[in-house]
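Chain by chain, the residues:
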Amino acid sequence: MTAEAPAFVAVAVVLLAASLGVVLTPNLFHAVLYLAVALVATGVVFLLLDAPFLFGVQLLLYAGGVVTIVVFAIMLTERLVGASIRQASRYLVNGALLSVAVFVGVVSFLVQMPASAPRPAWAADLTAAVGRALVGPFAVPFELLGVLLVIALLGALYFARTEG
Amino acid sequence: MPLGAYLTLAALVFAIGLFGVLTRRNAVGILLGIELMLNAVNINLVAFGRFHADLGGTIFSLFTISITVAEVAVGLAIVIVIFRVRRTIEADHLDLLRG
Amino acid sequence: MSAHVGAAPLALLVLGLPFASFLLLALARPVRRSAPAAATVSIGAITVSLLAAVLTIVTAVARPPRQSPSTTWWWIPADGGPMATVGVMVDDLSMWMLLLVTFVSLLVQVYSWAYLHDEPRASLGRYYAYHSLFAFSMLGLVLAPSFIQMFIFWELVGLCSYLLIGFWYDRPSAARAAVKAFWITKLGDLGFVAGIVMLWAVAGTFDFWTLFRMGAAGSLPADMLPPIMFLIYLGAVGKSAQFPLHVWLPDAMEGPTPVSALIHAATMVTAGVFMVTRAFPLFQLVPDVLTLIAWVGAGTALLAASMACVEDDIKRVLAYSTISQLGYMMAAAGAGAPDAGFLHLLVHGVFKALLFLGAGIVIHVFHTNDVFRMGGLRGHPRLWLPFLVATLALAGVPPLPGFFTKEAVLAGVFEGHLGWPFLMLALTAFLTAFYMFRVVFLTFFVRPHHAGHAHHHVPWLMTAVAWVLAVVTLAMGAQQAWHHQAEGPGWLPGVSVALAAAGIGLAWVMYQRPLVDPARMAAALRPIDWMARRRYGLDALFAGLYRVGLLAFSRLVGWIDRYLVDGVVNVLSAWTLRAGDRLRGLQSGQPQDYVYGIALGALLLFVIAQWRMR
C-alpha cells in the first residue's frame, strides 16, 4: 500500500498540529475546535488501520458528542459576553520537560522492537465481526458498559439538578 | 508504514496531551488534555490489533471510547457544579485537599 | 592482748537484744508511738545486754594458743572456702568494749528520758529506736571478726550518727550538721573500703586472725602493705576525727546532749581507735604508717586543744576536748603502745560521757550553751561535784584514772622515741587542764554577770546518772592506783602533775580570780588566737571544696543532662515535627501536582523496566 505512507504522514502532521493547538492556545474555545480537528484526524488514522467502523464511531461520539458537551460546559462556566476565555499556562517548562521525558521513556521501549513485519491479511470491513463479537465473547463487558452509561447519565442528572 | 510509526505517533500525541494536563489552568482545558491522551491510547490499541490480526484491538477501542464519553460527561457535570459553588474553575483555586 | 576468750553465745545475746529492740520499735508503730513503752523496750534490752556483757567477762577463759578467738559462719560462698564470713570475735579487746558500750548506752538512755521530757511522744519513740540501732551497730563493730563485717557495722554506725545528730531534723543547722558528719566520715570510709579490698586482693581473706597469722609468717607482700594500711587508717581518720577530717565533730553538737555523750564521747568516735588497736598486728608491719599515725594524733591533740581554749559553747569545748583525747589515743597506738591508748579509751569514755551529761544539766539550768552566761552555782554541790570529778580526771590529776592513762600514753610515746609528738602531747596536757578548768570556773563558780533565768530544779534522774558515772570514775581511779606499775622515765609522773597544776593555776588566775585579763592574754597570743577562732580555716576549706568541687560538678552534670541528653531528644522531636511540616507541603491540593507525581512514577517504572531488560 504505497499510498498509505504519504497519507499517513499527512494525517500525522494534521493530528500533531491540532494537538499542539489544543494544549497551547490560550483561548479555550479555540482549543475545543482544535480538539475537534484532532479527533477527526484520529478517525482517519483508524481508517488507515483498516478499521472503518471505528472511524464512524469516532466521528459520531467523539467529534460530535464530546466536543458538543465541552462547548456547553465552557459556555456554562465562563462569564460570557465580553469575558475573555484566555488562560495562562502553569509551569510550562516543567510540564514540557516531563512530557518529553515520558515520550522518551516510551520511545526507549519502541526502539527495542524487532524489525517490522508487514501487515497480516485483514478483511476490509469487519463490522459484522465486531457486532458478532460484542454479543458473543464480549457480551459481558458490553452489558456492563450499558450499566456504566446509565450510571453516568444518572450522575450527570444528579449534578445538573437545581437545589431546593 | 511499520507498526513503530503508528506507535510513535500515539506516543507523541500522548505526550502532548500530558503536557496539556500539566499546564492548563482551566479545568475544562485539563479535560481536553485527557481527551488527547485517551485518543493516543486508542491509536495504540487499533494499531496493535491490526498488526497482530486481532479484532480485540478494535473492540477494546470501542469500549474505551464509550467509557471516555461517560467520563467526560460526568467530569464536566462536576466542573459545572464546582463553578456554581465556587464561581471559579481555575485549578489553582480548587485546593481543598491541601495538606 | 587477746589472752582471754569469752563465750560466743553470750556475745550474740549482747548483740541480739538491741537489734530485737530496734526491730520491735521500727515495725510496731503503736509501741513506738507510746514513749514509755518504747523507752522500756530499749532500756530493758540494753540492761540485759549489759548483764550479759558482764557475764561474758566473768566467764572468760584463757585462750589456747594458735586458736582463733573468733566464731564464724559461712556467708558468701566461693570456691576454696568462703569469701566472707560472719561471726563474733570475743577476746579481751571486744569484751571490754562490750562493757563500755552497754554501760554508757544504758546510762545515756535513762538520762535521756528525763532530758528529753518535753519532746513529743512519737518523736521520743523514734529516738529510742535509733538508740537501739546504734547499740546494735556499735556492738557488732567491736565483735567483728573480719574487716568486712567491721566495715558493714562501721557504716551502720555512721548512719546512726547521722540519724541521731539530725534528730531534730526540722532545724536547718541540725540537718546540715548531720549531712556534714556523714560526708566527712564518708571521705575516710572511701579509703577504708579501698584498703580492705586491696588487702583482700593480696591476702585472699578478710578475717583478722588469718591476716595476723599471715602477717606474722611474712606472707603478706611488703611493698603493698604500707599503702593498704594507710588507706585503712584513713577510715579511722574520718571516724575518730583526726586532722583534717575532724571538722564534723564540733558541728555534731547540734544533736541532743545525751547523744553527744554517747556517740561523740564514748563510743562511735572511738571506733577508729578501736580499729587501729584491733588491727595493730598488721600496723606493726608498717612502722612508717605508725609514725604517721602518731604524728597526726599528737598534732590533732594540740590543734583541738588550742581551739577549745577560745570556745564559748560548753558542748563545743567538750567536742574539741574529745578530738584532742582521740589524738592522744591514736598517738599511743602510733608509738607502739596500743594498750595504753585502749586503756585511755575506756576510762575516757566514762568520764567524757559524764562531762557531757553534766553539761546537759547546766544547759538545762541556764537554757543556754554559752559559758559566759552561766555561773553562780557554788551553793549546789550536787550539780558541780560530778562534773568536777570528771574534769579532774580529764586534766590528769592523780589518783583519778585520767592521770594514769595519760601517763601511760606519754610514756609510750616517749619510749617510742617520738620527740616532737611527745612535746605536743605534753603541751596539750597543759592546755587540757587549762581550758577544762576555764569551763568549770565560768560555769559554776564565778559570780553571774547578769540575773538570767536559772532553773535550779534539775530532774533527779539526770543528777543520779551523773553521780553513778562519777562513782565509776573514782572506782576506776582506785583500781588503777592499786595496780599501778610505773612505766617510762621516772620524771614523767611529776612532770604530768606539774603540767596539770599549771593549767589549773592559769585558769584560776584568768577566770576565777581575774588577775590576768583574758583579753590581754589573747592579744599577746594574737596569731594563734586569731587562727583558733577561725578553726584554722579548715571548715571554710571544706565548705569551699564542697561548693566549688561538688556543687559545681553536679551543676555541670545537670547542665549536661538538661541540654545534651534532653537536648538530643528535643532536637530529634523538633526535627521530626519540622520534617512533617515540610512534607505536608507536598500535598498542595492541586490536582495537576498529583498528575506530576503520577507521571514521575511512570517514568520511574520505565527506568526500572529498562534496567530489568538489560
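Just so it is clear, the model here is predicted, and its values are computed rather than measured.

## Quick notes on the interface of chain B and chain A
Counting from both sides, the interface comprises 65 residues of chain B and, opposite them, 78 residues of chain A. Summing both partners gives a buried area of about 6,400 Å² for chain B against chain A, and 79% of it is carried by carbon and sulfur. For the pair chain B and chain A, the interface holds 1 salt bridge. Close ionic contact of Asp 50 of chain A with Arg 50 of chain B constitutes a salt bridge, the shortest N to O distance being 2.7 Å. Counting across the chain B and chain A interface gives 5 residue pairs in polar contact (both at pLDDT 80 or more).

## Overview of the nonpolar core
Among the nonpolar cores identified, the biggest contains 185 residues, and Phe 147 and Phe 283 of chain C are the most heavily contacted of them. With 17 residues, the single largest contributor to this core is helix α16 (residues 338–366) of chain C. Residues within four places of Phe 147 of chain C in sequence aside, it is in contact with Phe 192, Ile 196, Leu 199, Phe 206, Phe 208, Leu 211, Ile 232, Ala 279 and Leu 282 of chain C. Ranked by size, the runner-up nonpolar core spans 63 residues in total, among them Ala 12, Trp 122 and Val 130 of chain A together with Val 28 of chain B.

## A few points about the pattern of salt bridges
All names here are of chain C. Per the counting criterion, the structure on display carries 8 salt bridges over all chains. Its salt-bridge partner being Asp 189, residue Lys 186 comes within 3.6 Å of it at the nearest N-O pair. Of this pair, Lys 186 and Asp 189 are both found in helix α7 (residues 172–203), 3 residues apart, which corresponds to roughly one turn of the helix. Residues Asp 581 and Arg 584 are paired through a salt bridge, measuring 3.2 Å at the closest nitrogen-oxygen approach. You can see Asp 581 and its partner Arg 584 sitting in helix α24 (residues 538–584), 3 residues apart, about one turn around the helix. By relative accessible area, Asp 581 is classed as partly exposed at 45%. Within the structure, one salt-bridge network assembled from shared partners comprises Glu 155, Lys 186 and Asp 189.

## Quick word on the interface of chain B and chain C
Every contact between the two is made by 14 residues of chain B and, on the other side, 11 residues of chain C. Here chain B and chain C share an interface that buries about 950 Å² over both sides, 56% of which is from carbon and sulfur atoms. On inspection of chain B and its partner chain C, the count reaches 0 salt bridges. Of all the elements, helix α1 (residues 3–23) of chain B adds the most residues to the side of chain B that touches chain C, at 4 residues. Residues of the side of chain B that touches chain C, tallied by class, amount to 7 nonpolar, 2 polar and 5 charged.

## Quick look at helix α9 (residues 225–239) of chain C
Residues and elements named next belong to chain C. For α9, built from 15 residues, the straight-helix expectation of 21 Å at 1.5 Å per residue is met to within 8% by its first-to-last C-alpha distance of 22 Å. Most of α9 is tucked away, with 11 of its 15 residues classed as buried. Regarding α9, the residues found buried are Leu 225, Ile 228, Met 229, Leu 231, Ile 232, Tyr 233, Gly 235, Ala 236, Val 237, Gly 238 and Lys 239. Once α9 finishes, Ala 241 follows within two positions and takes phi at roughly 55°, a positive value.

Definitions and limits used
- Residues numbered from 1 in each chain as written.
- Chains lettered and ligands numbered in written order.
- Predicted model: local features only at pLDDT ≥ 70, side-chain atom pairs only at ≥ 80, totals over all residues.
- Heavy atoms only, no water.
- Contact = heavy atoms within 4.5 Å.
- Buried area = accessible area lost by both parts, 1.4 Å probe.
- Salt bridge = Lys/Arg side-chain N within 4 Å of Asp/Glu carboxyl O.
- Polar contact = N/O pair within 3.5 Å; in protein donor to acceptor, adjacent residues only side chain to side chain.
- Core = buried A, V, L, I, M, F, W, Y, C linked by side-chain atoms within 4.5 Å.
- Buried < 20%, exposed > 50% of the residue type's maximum accessible area, 1.4 Å probe, protein only.
- Helix = DSSP H or I, 4+ residues; strand = E, 2+ residues; numbered from the N terminus.
- Nonpolar A, V, L, I, M, F, W, Y, C, P; charged D, E, K, R; others polar.
- Expected span 1.5 Å × (residues − 1).

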